[in-house]
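Spelled out from the first residue to the last, the chains are:
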Amino acid sequence: MRRQIIAVYFLIYSVSLSNSEICSTATWSKDAITVAGGHGYGNKLEQLDEPSGLYLDENDTIYVADRDNNRIMMWQQNTTIGQWVAGLKNNGNDTQQVRLYMPEDIVVDKNGTIYITDAGNYRVVRWNSGEDDGEVLVDHIQAVGVAQDNQGFIYISEYANGQVTKWNFNNEEFDGEIVAKNLGHTNLIFIDQDRSIYSVGLLANRILKTVEGNDEPIVIVGQYSPLDNRLDQLNRPSGVHVDKQGSIYVADKENHRIMRWLKDATNGTLIAGGNGGGSASDQLHYPSDVFLDREGNLYVTDTWNDRVQKFLIDRSSCQTN
């Protein structure tokens, strides 16, 4: 009986750990599983064309900014066919008033509403769940990255202006507030549980962090230096994700790899790709974005391979005291 109680406790502890904590020694599978796209470039429901931003909701449903198809696609877990959710339909729906052009990034709120950086049209668009058309929220803005904090505010990264603005789109009188500046050419962004902003310096080859209440950033990953593939450097990074322990995951685009920096570390660790640009299961080709699901599995938009790759987490090295 005592052994049964211990076994049940250990099972509950393990499930709790897997859903919230990723230890410093965790690794990810060398070979990935394709979970979206991967059937060559095209506009069929099982295809993508140079996907960019990536988002997983609380059910681990996968949303992809299918950039060159001018649409947003959704994949349920363990399905091979995607679903259209926003943007251009395959039938070229002529009744749409809002048409996407090269969407870069997405975030989905708890109601299924999608916020989209419609980069080719220099605007931000909202697309309500189940609707055939969207609405323009902000126009004449060089929006690239989009994220949402735990209070429901939406954050937009403005590439050329080198800043991030914060918006309450449920309040028509609320204008965008600058909450991070002097970022250089900022790309995709991530907002953590403390509402700190992590922004990707695409041309400066680094990740910047801006703490809430202080709009000046600090460099936490990479350095402004000659392009290289050393463990302390990046080469045209694109996407960033941060786990609950403060570890930072970066889509190191032109090094065709995903890097992980433990909190306060000066060097990163290679966790996926890094075998040259290619289409094998252990390769990436210009990855654009990175995301972790509830179990800690790693998802990557493998842009030039027109697919989303999933690398399974391995916690066998983690100690459970």
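Residues numbered from 1 in each chain as written. Predicted model: local features only at pLDDT ≥ 70, side-chain atom pairs only at ≥ 80, totals over all residues. Heavy atoms only, no water.

Undergrad: Give a detailed account of the overall build of the chain, specifying residues and quantitative values.
TA: When helices and strands are tallied, the chain shows 1 helix and 26 strands. A globule of 321 residues ought to have a C-alpha radius of gyration of about 20 Å, and the chain, at 19 Å, matches this closely. The dimensions of the chain, computed from C-alpha atoms along their principal axes, are 65 × 40 × 40 Å. With 321 residues in all, the chain has 54% of them scored as buried. (Helix = DSSP H or I, 4+ residues; strand = E, 2+ residues; numbered from the N terminus. Rg over C-alpha atoms; globule rule 2.2 N^0.38 Å. Buried < 20%, exposed > 50% of the residue type's maximum accessible area, 1.4 Å probe, protein only.)

Undergrad: Just give me the short version of the sheet that holds strand E18 (residues 218-222), but keep the residues and values in it.
TA: In any sheet, the strands associate via hydrogen bonds between backbone groups, in a parallel or an antiparallel arrangement. An order of E15-E16-E17-E18 is seen for the 4 strands of this open sheet, with the pairing classed as antiparallel. For this open sheet the edge positions go to strand E15 (186-191) and E18, each flanked by a neighbour on one side alone. Recorded for the sheet is a direction-independent mean angle of 25° between the axes of neighbouring strands. When E15 meets strand E16 (residues 197-201), the two strands line up antiparallel, connected through 4 bridges. (Pairing = 2+ DSSP bridges. Axes fitted to C-alpha atoms, helices over the stretch in contact; angles between N-to-C directions.)

Undergrad: I'd like to hear about unusual backbone geometry, residue by residue, with values.
TA: Phi angles above zero are rare outside glycine, and arginine 236 is one such case at about 55°. Along the chain, arginine 236 turns up in the loop between E18 and strand E19 (237-242).

Undergrad: With reference to specific residues and values, describe the state of the cysteines.
TA: Here the structure, examined in full by the defined rule, presents 1 disulfide. Shown here is the disulfide that connects cysteine 23 with cysteine 318, its sulfur atoms set 1.9 Å apart. With the S-S bond torsion at -70°, the cross-link from cysteine 23 to cysteine 318 turns out left-handed. A residue pair is termed long-range when its members are at least 10 positions apart, and cysteine 23 in the loop between helix H1 (2-20) and strand E1 (27-28) and cysteine 318 in the segment after strand E26 (313-314) qualify at 295 residues. Judged by its relative accessible area of 15%, cysteine 318 is buried. (Disulfide = S-S within 2.5 Å.)

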